[in-house]
Amino acid sequence: QAQLVESGGGLAQPGGSLRLSCVASGFTSAPYAMNWFREAPGKLREFVASITWAGGLINYADSMNGRFTISKDNALNTVYLEMNSLKPEDTAVYYCNRERYWGQGTQVTVSS
């Protein structure tokens, strides 16, 4: 069955880094794009970044301010999110998204 599985979340210090991964499996065709969203406590789920599958075109939310990098490995059906210069306000559950499919999320906590 089609599914998305995120990994790589955890605890980071302010200013630290984490690398998230999302592995897609069970799909019969390539998507137009894959995306990362996040949902902080008490807030709406918000867009973080996207990458088109065929061309690798990238889009980031303005709030990421150059700190995050999205990338992909087509052969591994995997999309990554490299997060640098982390701030406490980056604390959220990070979700991988492929069209109407969502992963279960991976928790990112940024705290001293």
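Residues numbered from 1 in each chain as written. Predicted model: local features only at pLDDT ≥ 70, side-chain atom pairs only at ≥ 80, totals over all residues. Heavy atoms only, no water.

Student: Tell me about the nonpolar core, and name the residues and values.
Tutor: Grouped together as the largest cluster of nonpolar side chains are 26 residues, with contacts concentrated most on Trp36, Leu81, Met83 and Tyr94. Broken down by secondary-structure element, the contributors of at least two residues to this core are β3 (18–25), β4 (33–39), β5 (46–52), β7 (68–73), β8 (78–83), β9 (92–98) and β11 (106–110). It is β3 that contributes the most residues to this core, 4 residues altogether. (Core = buried A, V, L, I, M, F, W, Y, C linked by side-chain atoms within 4.5 Å. Buried < 20%, exposed > 50% of the residue type's maximum accessible area, 1.4 Å probe, protein only. Helix = DSSP H or I, 4+ residues; strand = E, 2+ residues; numbered from the N terminus.)

Student: An account of the packing of aromatic side chains is requested, with residue identities and associated values reported.
Tutor: Counted by the stated rule, this structure contains 4 aromatic pairs. Consider the rings of Phe27 and Tyr101, whose centres lie 5.0 Å apart with planes at 90 degrees: the pair is edge-to-face. Linking Phe27 in the loop between β3 and β4 with Tyr101 in strand β10 (residues 101–102), this pair joins segments that are 74 residues apart in sequence. Relative accessible area serves as the criterion here: at 28%, Tyr101 is assigned to the partly exposed category. Ring geometry for Tyr95 and Trp102: centres 6.5 Å apart, planes at 80 degrees, overall edge-to-face. Here Trp102 falls in the partly exposed class, since its relative accessible area comes to 37%. In this structure an aromatic cluster arises from ring pairing among Phe37, Phe47, Tyr95 and Trp102. The ring of Trp102 carries Arg45 above its face, with NZ or CZ at 4.7 Å from the centroid. Of note, Arg98 hangs over the ring of Phe27, and the distance from its end group to the ring centre comes to 3.8 Å. (Phe/Tyr/Trp six-rings, centres within 6.5 Å; stacked < 30°, edge-to-face > 60°. Lys NZ or Arg CZ within 6 Å of the ring centre and 35° of its normal.)

Spatial relationships are all this shows, so hold off on functional conclusions.
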